[in-house]
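Close look at the chain arrangement
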Amino acid sequence: MELFNTVQKLTAAFGPSGDESGVASVIAELARPYADEIDTDVMGNLICHKKGNGPKVMFASHMDSLGLVVTHIEKEGFLRVAALGGISPSRILSTPVRFKNGTRGLISCDGGVSADKLRMDDLYIDIGVSGEEDAKKAVALGDIAVYDTPCFLAGERIVSPYLDNRISCAILLCAMEQLGNSDNDLYFVFTTQEELGLRGAKTAAYSIDPVYGITVDVTASADTPASKNNYSTVQGKGAAIKVMDRSVICHPRVVKKLEELAQEKQIAHQPDVKRTGGTDAGAMQPTRSGVYAGGITVPCRYTHSPTECICLADAENAVKLVCAFAESMLEKE
C-alpha cells in the first residue's frame, strides 16, 4: 500500500482517545490480508497477530488522537470544552473541528484575552447555531471534537492533523504488507488512549507478554528556527532509533540491534534522545517481569498542533527498519 494514501485514510477516520473504534475499523480492514488473527480487547486495542515459533515481538503504534470534550453549552449556543490530551490553547485558536456525527465548527475565544495567556476555559466552539436548544440538537455534553484540517503533500513532506500518530499506524500497515519470512511471533498492536497516559499499551503488553516491545511513534524535530536543544532528530536524516525519553530508557540490546540492522541494510537512521515526552515503550518495558523495549520514531514538526509535518522519506525508512527487526534472528531471552 502507498504510504501517503494510507495516511489520508487514517487521518480522515474519527478516533479520539477513548473512542478509537472508527479508526480501528479502517486499520482492521487494511490489515486483514496480512494477519493470521485480528482481535480487539476490552481497552479497544486492535491486535494483529502474525504467528511464528520464535520469540514474541510486540510492535505498538497508538491510533488515538487529541480531542476537545464538550463540557457546557452556553445559552447562545457556543460549546465550552476541555482538552483530551496535551493541547495548548494558543495553538488551536481558529481551527476548524468536526464531531463524530458530522457536526462542524470553529474554535474561538472570549474577547480581551491575549493569545499567550489563553486557557482552555477561554475557548469555545462555534457550530453556527442561534441558541442553546439548536446546539443541543447537534451535540451533547461529552461529545468529542477533533481537528478538521486538510492532509496534503508539501514537497517531500506530509502536512496533516494527527500525524501523531496516524503516520506510525500507516508505517506498521505498510510493514505488514512488505514483511518477508520471519520465524518470530509477531504482534502489530494499534493502541488506545496513549495520549492519556499510555493506557492501552499497558494492558496489551500484559496480555501478550512479549519478549521484545518496539514502539513506533513520532518524535520532536529539532530543525525549525524556534527549536531548542531538547531533541536530537531532524527531518530528512532517516528513521530515528529511540534511546530515551521521559517515559523510558530503551534497553541497550534493542538499541544496538536496531543500529546494526540499519547499518547492515543501509537504512538511513539517527538517534532519538529526548528530555521530554513519552511513548508506549514506557508502558511495555515494566510489564510482568520486564520487556526488552525500544523504539522507531519519525521526526515531526509542530506536534500536538492542528497541522503536523513529517518527511515522507523518514517514514519510508521507518517501514524498512520495522521489517528488518521483525525478520531478524532474535534471542528468546
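Scroll up for the structure.
Since the structure is predicted, the reported quantities are computational estimates derived from the model, not experimental observations.

Observations concerning the environment of Leu-10
Its place among the elements puts Leu-10 in helix H1 (residues 3-12). Put simply, Leu-10 and Val-139 are 129 residues apart on the chain and 24 Å apart in space, counted from C-alpha to C-alpha. Non-local contacts of Leu-10, meaning those with residues more than four positions away in its chain, are made with Val-23, Val-26, Ile-27, Leu-30, Arg-166, Cys-169, Ala-170 and Leu-173.

A few points about the side chain of Thr-297
As for its placement among the helices and strands, Thr-297 is situated in strand S16 (residues 292-301). Judged by relative accessible area, Thr-297 falls into the buried class, the value being 0%. A polar atom in the side chain of Thr-297 sits 2.9 Å from the side chain of Asp-272. Ignoring anything within four residues of it in the chain, the contact list for Thr-297 reads Asp-217, Val-218, Thr-219, Ala-239, Ala-240, Lys-242 and Asp-272.

Points about the packing of helix H5 (residues 163-178) against helix H9 (residues 312-327)
Where H5 contacts H9, the two axes come as close as 9 Å, and the packing angle between them is 50 degrees. If you check the angle between H5 and H9, you find them oblique. Considering how the two elements wind past one another, H5 and H9 form a crossing that is right-handed. Taking contact as the criterion, the partners of Ile-167, Ile-171, Leu-172, Cys-174, Ala-175 and Gln-178 in H5 are, on H9, Ala-315, Ala-318, Val-319, Val-322, Cys-323 and Glu-327.

Some points on the environment of Ala-281
Inspection of the secondary structure assignment puts Ala-281 in helix H8 (residues 281-284). Between the alpha carbons of Ala-281 and Val-97 there is a distance of 30 Å; along the sequence they are 184 residues apart.

Some remarks on the pattern of salt bridges
This structure, assessed with the given rule, holds 14 salt bridges. A salt bridge links Asp-209 to Arg-288, with the shortest nitrogen-to-oxygen separation between them at 4.0 Å. Taken as a pair, Asp-209 in the loop between helix H6 (199-208) and strand S13 (212-220) and Arg-288 in the loop between H8 and S16 lie far apart in primary sequence, 79 residues in all. We classify Asp-209 as partly exposed; its relative accessible area is 36%. The salt bridge partner of Asp-272 is Lys-242, with a shortest N-O separation of 3.0 Å. Remark: Lys-242 occurs in strand S14 (residues 239-244) and Asp-272 occurs in strand S15 (residues 269-273); sequence separation between them is 30 residues. The exposure classification of Asp-272 matches that of Lys-242, with both residues buried. One continuous salt-bridge network, built from bridges that share partners, spans Glu-74, Arg-80 and Asp-110.

What to know about the packing of aromatic side chains
Under the definition given, this model contains 6 aromatic pairs. Ring geometry for Phe-59 and Phe-188: centres 5.3 Å apart, planes at 10 degrees, overall stacked. Here the residue Phe-59 occupies a position in strand S3 (residues 56-62), and Phe-188 occupies one in strand S12 (residues 185-191), the gap between them amounting to 129 residues. Ring centres of Tyr-147 and Tyr-162 lie 5.1 Å apart, and the angle between their planes is 5 degrees; on these two criteria the pair is classed as stacked.

Description of helix H7 (residues 252-264)
Relative to the 18 Å expected for 13 residues at 1.5 Å per residue, H7 spans 18 Å between its end C-alpha atoms, a close match to the ideal helical length. Burial in H7 covers these residues: Val-254, Val-255, Leu-258, Leu-261 and Ala-262. The arc that holds the buried residues of H7, viewed along the axis, is 135 degrees, so those residues lie on one side. Facing away from the buried side of H7 by over 90 degrees, the exposed positions are Pro-252, Lys-256, Gln-263 and Glu-264. Next to the buried residues of H7 lie S13, S14, S15, S16 and H9. Where H7 terminates, the next one or two residues include Gln-266, which has phi positive at roughly 55 degrees.

Some points on the pairing of S14
Note: S14 against S15, 5 bridges, orientation parallel. Note that in S15 the partner of Lys-242 across the bridge is Asp-272. Examined bridge by bridge, S14 and S16 share 2 bridges and lie antiparallel to one another. By the bridge assignment for S16, Ile-241 is matched with Ile-296.

Here we look at the side chain of Thr-192
Structurally, Thr-192 is set in the loop between S12 and H6. In contact with Thr-192, not counting residues within four places along its chain, are Glu-20, Met-43, Gly-44, Asn-45, Met-63, Asp-64, Arg-199, Gly-200 and Ala-201.

Observations regarding the nonpolar core
One finds Phe-59, Ile-167, Phe-188, Phe-190 and Phe-325 to be the most contacted residues of the largest nonpolar core, which totals 64 residues. In this structure Phe-59 touches Leu-172, Leu-186, Tyr-187, Phe-188, Val-189, Ile-214, Val-322, Phe-325 and Ala-326, once residues within four positions along its chain are discounted. Within the second largest apolar cluster, 28 residues are counted, among which are Leu-68, Leu-84, Ile-87 and Met-120.

Section: the sheet that holds strand S5 (residues 79-84)
With antiparallel pairing, 6 strands are arranged side by side around a closed barrel as S4-S5-S8-S7-S6-S9. Between one strand axis and the next, the sheet turns through 45 degrees on average, direction left out of account. Pairing of strand S6 (residues 96-99) with strand S7 (residues 104-109) involves 3 bridges; the strand directions are antiparallel. Of the residues in S7, the one forming a bridge with Arg-98 is Arg-104.

What counts, and where the lines are drawn
Every chain is numbered independently, its residues counted from 1 as its sequence is written. Note on the predicted model: pLDDT of at least 70 is required for a residue's local features to be given, and 80 or more for side-chain atom pairs to be given and counted; whole-chain, interface and lining totals, by contrast, use all residues. Each side-chain value is derived from all of the structure's non-hydrogen atoms; neither hydrogens nor water enter the calculation. Counting from the N terminus, the helices are DSSP H or I runs at least four residues long and the strands are E runs at least two residues long. Contacts are residue-level and defined by heavy atoms, with any inter-residue pair within 4.5 Å sufficient. Relative accessibility thresholds used throughout: buried, under 20% of the residue-type maximum; exposed, over 50%; partly exposed, between the two (1.4 Å probe, protein chains only). As used in this structure description, the phrase polar contact means that two N or O atoms lie within 3.5 Å; if the pair is within protein, one of them must be able to donate a hydrogen and the other to accept it, and residues adjacent in sequence are counted only when both atoms belong to side chains. A fitted line through C-alpha atoms serves as each axis, taken over the contacting stretch for helices, and the angle formed by two N-to-C directions is quoted from 0 to 180°. In these notes the angle categories are as follows: under 35 degrees is roughly parallel, over 145 is roughly antiparallel, 65 to 115 is roughly perpendicular, and the rest is oblique. Rotating anticlockwise by less than a right angle from the far helix to the near helix defines a left-handed crossing, while the corresponding clockwise rotation defines a right-handed one. Basic side-chain nitrogens of Lys or Arg form a salt bridge, by our definition, when they fall within 4 Å of a carboxyl oxygen of Asp or Glu. Each aromatic pair joins two rings of Phe, Tyr and Trp (for Trp, the six-membered one) with centres within 6.5 Å, and gets the label stacked for planes under 30 degrees apart, edge-to-face for over 60, and tilted for any other angle. A helix's residues, less one, multiplied by 1.5 Å, set its expected span. The arc refers to the directions leading from the helix axis to the C-beta atoms. Only strands that DSSP links by at least two bridges are regarded as paired with each other. Remark: nonpolar core denotes a set of buried residues (Ala, Val, Leu, Ile, Met, Phe, Trp, Tyr, Cys) joined through side-chain atoms within 4.5 Å.

Geometric values such as these leave the question of function open.
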